[in-house]
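Given next are the chains, with one letter for each unit.
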Amino acid sequence: MFHIYRSTARSKRAVTGYGHIRRMLESVRQPYRPHIYWPVRHCSANLRTFDTMLSTRRAEARKSILVQVSSERSYNELYHYCSQFGTIESSHHYRVDGDADGDCHYILLEFSSSAEADVAMQSGVFSTERPGVRARSIFLWFRTGPKPKLISQEEPKRPLALIDGAKPIEEAELNGLLSAAESINDQVTILHRVTKLNDLGKRLRFLAVRQLESSLQGMFPQAVAHPFGSSVNGYGRMGCDLDVIMDLDSRSGEPPDRNSRLVYHTKATNPNERTQVQRQLESIGDVLQLFLPGVNSVRRILKARVPIVKYHHEHLDLEIDLTMNNTAGVYMSELLYLFGQLDARVRPLTFCVRRWAQAVGLTNHTPGYWITNFSLTMLVMYFLQQLARPVLPSINRLIQLSAACAPSTNTPVTRFGEGEAEWAYTFLKNPSIYGSFRSENDATLEQLLVQFFEFYSQFDFNQRAISLNLGSTILKPDHSPMYIVNPLETVLNVSKNVNLEETELFRMQVRNAVWLLEAHGKESATAGAANEPWGLVSLFGSAKQQERITPQMFFTKRMLNVKDIFDEVPAEEPTQYRNPAVKNQIAAIQRATKAELHKLGTGSTASGNRMGTQSTMEGTGVKLKRNTKRR
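Residues numbered from 1 in each chain as written. Predicted model: local features only at pLDDT ≥ 70, side-chain atom pairs only at ≥ 80, totals over all residues. Heavy atoms only, no water.

Visitor: Residue-level account of the overall build of the chain, with values.
Guide: A tally of helices and strands in the chain yields 21 helices and eleven strands. Long-range contacts, defined here as pairs at least 24 residues apart, represent 70% of the contacts in the chain between residues at least 6 apart. (Helix = DSSP H or I, 4+ residues; strand = E, 2+ residues; numbered from the N terminus. Contact = heavy atoms within 4.5 Å.)

The following block contains the structure:
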């Protein structure tokens, strides 16, 4: 389900009344019961492990094809045509914004088996009207056929599960839903449900993974594409990018069969592993650009710390980042997925914090000196660890719990690397860990959100570093303004890119958030105007952001130019001051300077002038830096 109040069609009319929304939200307001011990997660159909989730999504992609159609009205005809190849289990529609010719419409069809999907794909033909490289794939288009008979066809047995299912919710519609909620706790839950990556979004991303694997498995039969990041860790929102690690030989660590006397010839590799990865990614980028349907805008960023190939998939409307041998991302995704499964409040709280950071300008889509969504997620996880009654355990505690409960299965798991694999096998690959910890903290999402802002408004970023492994702080190993220990490689800092200015901005914004939540609660909206923003609407409001204090007001820009102190300012262009106290101090400096210049003109001694100037400057309380760098 894409949105909590619609499951098939997206309404195009504006949201005017919220009575029906409140009825739909009754399921949201369920009391939290921390003392109930649910079944072990790997034994439940809805609560599954990370590996089970990946296997299920891969199986869905293996049974699916993607067909471009003229509009969603083509579904009936497409359904009856494709039913000859097998049973259609589910179907989803979405559109991609097009050019002057109009939008492009697609329907994803899932068959009951992969063999039926293969038959449907192999039944396709190549167009003589569209010249190009002839490559078979799961991406097809439905051309116009003979005119249907006058006898109307029966309705499909499987209606479209979604229409426009890949379109994110509009800002005005989201604000309407949040304003109709009964409490901030409900607002956080609604925000999570309507902005998280839906089922169709996950299916489309695993179609891209399948295309990558199938394009290389002809030469590399053991090639496996491992998705990681927000697309699979449970914290992805609609429209998020897809991160993929390509492993050309997933079984390289397995011992060979000693009974076989035939050995494959292989190509000698470059002794420099980084150079080898760069050359392999460059070649893979050529394959993507030249042969794979739907792939365009291939960019090779091979000189980065982690070489990467970025490209856009026009049929999926998806940005994809491809890398190799960066196994830490997979394990980090599994760790975050585990945290989200341990408690139902983790993901909604994380979504709310990340949405707030985006609204106030703390995060940015482009890399830079600002805090990232990953660092914000680490801050949320640590906050939930350090509570008096923790919502999440520390990683060391998870390792202890994993050792106490023996795994229920001995199914072998593919290794990515020696060091990380040993760390992952300690507890991540133990299915019993999903049911080993239950929090006794019964705080609501509203309470946790306020406590999060209060906690970091008083946190000592100058001296302390955050460690999720210990669930506590340590002394900072270096002078980084913000230090978050990487759980996988503890010698690294997750937030090393964040500079001092952005750290101070984060501290100011969490303090502002505390004030906003206190001043604009549900009670203030009830007492004031009916359309007065409250709760998360007030917290995310763009108008409020312009009124907030930022570090740039103090040490990144001058309040005025130095020449304005000494030069005569025309009456028609008076200098604007942000603070009346500053205006009075500048006026005192001007008067003192004129007096000293007058003494110099009358022949006063230089030493007396220096002493008088120094005392006057100290009396004003303002320090002027001659060589202050203007930004």
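Picking up after the structure, the text goes on.
Visitor: I'd like a description of the UniProt feature "domain: PAP-associated" (unreviewed entry) in the chain, backed by residues and values.
Guide: In the UniProt entry, the feature "domain: PAP-associated" (unreviewed entry) is given for residues 445–479. A helix fraction of 37% and a strand fraction of 23% characterise residues 445–479, whose end C-alpha atoms lie 34 Å from each other. (UniProt positions renumbered as here; feature names shortened; annotations may be inferred.)

Visitor: How would you sum up a nonpolar patch on the surface? Please name residues and give values.
Guide: Together, Val133, Leu290 and Phe291 give the surface a local cluster of nonpolar side chains, amounting to about 300 Å² of exposed area. By the element assignment, phenylalanine 291 lies in helix α8 (residues 273–291). (Patch = residues over 30% accessible without salt bridge, like charges linked within 9 Å, V, L, I, M, F, W, Y side chains within 5 Å. Areas by Shrake-Rupley, 256 points an atom, 1.4 Å probe, with all protein chains shown as cover. Salt bridge = Lys/Arg side-chain N within 4 Å of Asp/Glu carboxyl O.)

Visitor: Help me get a handle on helix α15 (residues 500–519), residues and values and all.
Guide: Here α15 is 20 residues long and its end C-alpha atoms lie 29 Å apart, about the 28 Å a rise of 1.5 Å per residue gives. Burial analysis of α15 places 14 of its 20 residues in the buried class, which makes it a mostly covered element. (Expected span 1.5 Å × (residues − 1). Buried < 20%, exposed > 50% of the residue type's maximum accessible area, 1.4 Å probe, protein only.)

Visitor: Kindly report on the sheet that holds strand β2 (residues 88–96), identifying the contributing residues and their values.
Guide: One open sheet accounts for four strands, arranged β2-β3-β1-β4; its pairing is mixed. Only two strands of the sheet have a single neighbouring strand rather than two, namely β2 and β4 (139–141). Between one strand axis and the next, the sheet turns through 25° on average, direction left out of account. Here strand β1 (residues 64–69) runs beside strand β3 (residues 104–111); their pairing, made up of six bridges, is antiparallel. Within β3, the residue paired with serine 64 across the bridge is glutamate 110. Along the sheet, helix α7 (residues 199–216) contacts β1, β2, β3 and β4; its crossing angle with β2, the most-contacted strand, is approximately 90°. (Pairing = 2+ DSSP bridges. Axes fitted to C-alpha atoms, helices over the stretch in contact; angles between N-to-C directions.)

Visitor: How would you sum up the pattern of salt bridges? Please name residues and give values.
Guide: Under the definition given, this model contains 21 salt bridges. With a closest N to O distance of 3.4 Å, arginine 299 and glutamate 319 form a salt bridge. Taken as a pair, arginine 299 in strand β7 (residues 295–301) and glutamate 319 in strand β9 (residues 318–324) lie far apart in primary sequence, 20 residues in all. Of the residues examined, arginine 299 reaches a relative accessible area of 32% and is grouped as partly exposed. Residue glutamate 319 is classed as partly exposed on the basis of its relative accessible area, which comes to 28%. Among the salt bridges present, the one from arginine 389 reaches aspartate 442, with a minimum N-O distance of 3.1 Å. Taken together, the residues arginine 389 in the loop between α11 (373–385) and α12 (395–404) and aspartate 442 in the loop between α13 (418–427) and α14 (445–457) connect sequence positions 53 residues apart. Each of Arg57, Glu60, Lys63, Glu110, Asp199 and Arg203 takes part in salt bridges that share partners, so that together they form one network.

Visitor: Requested: an account of the sheet that holds strand β8 (residues 308–313), with residues and values cited.
Guide: Here we have five strands laid out as an open sheet, ordered β5-β6-β9-β8-β7, and mixed in their pairing. Sheet topology places β5 (224–228) and β7 at the edges, where each strand pairs with a single neighbour. Each strand of the sheet is rotated relative to its neighbour by a mean of 25°, with strand direction disregarded. Relative to strand β6 (residues 242–247), β5 runs antiparallel, the two sharing five bridges. Paired with alanine 225 across the bridge in β6 is methionine 246.

Visitor: Go over the confidence of the model for the chain, please, and point to the residues and values.
Guide: Considering every residue of the chain, the mean pLDDT works out to 79; 76% of them sit at 70 or more. Within the chain, no element has a lower average pLDDT than helix α21 (residues 606–620), which sits at 43, and none a higher one than α11, at 96. A low-confidence stretch, residues 554–558 (pLDDT under 50), is modelled with eleven contacts involving residues beyond four sequence positions or located in other chains. (pLDDT = per-residue confidence, 0-100.)

Visitor: I'd love a proper account of the packing of α14 against α15, names of residues and values included.
Guide: Between α14 and α15, the least distance of the axes is 8 Å, while the angle of their chain directions is 140°. Classified by the interaxial angle, the pair formed by α14 and α15 is oblique. Along this stretch, α14 crosses α15, giving a crossing that reads as left-handed. Contacts from Leu449, Val450, Phe453, Glu454, Tyr456 and Ser457 of α14 reach α15 at Phe506, Val510, Arg511, Ala513, Val514, Leu517 and Glu518. Its residues placed into classes, the contact of α14 with α15 shows nine nonpolar, one polar and three charged. (Parallel < 35°, antiparallel > 145°, perpendicular 65-115°, else oblique. Left-handed = near helix turned anticlockwise from the far one by under 90°. Nonpolar A, V, L, I, M, F, W, Y, C, P; charged D, E, K, R; others polar.)

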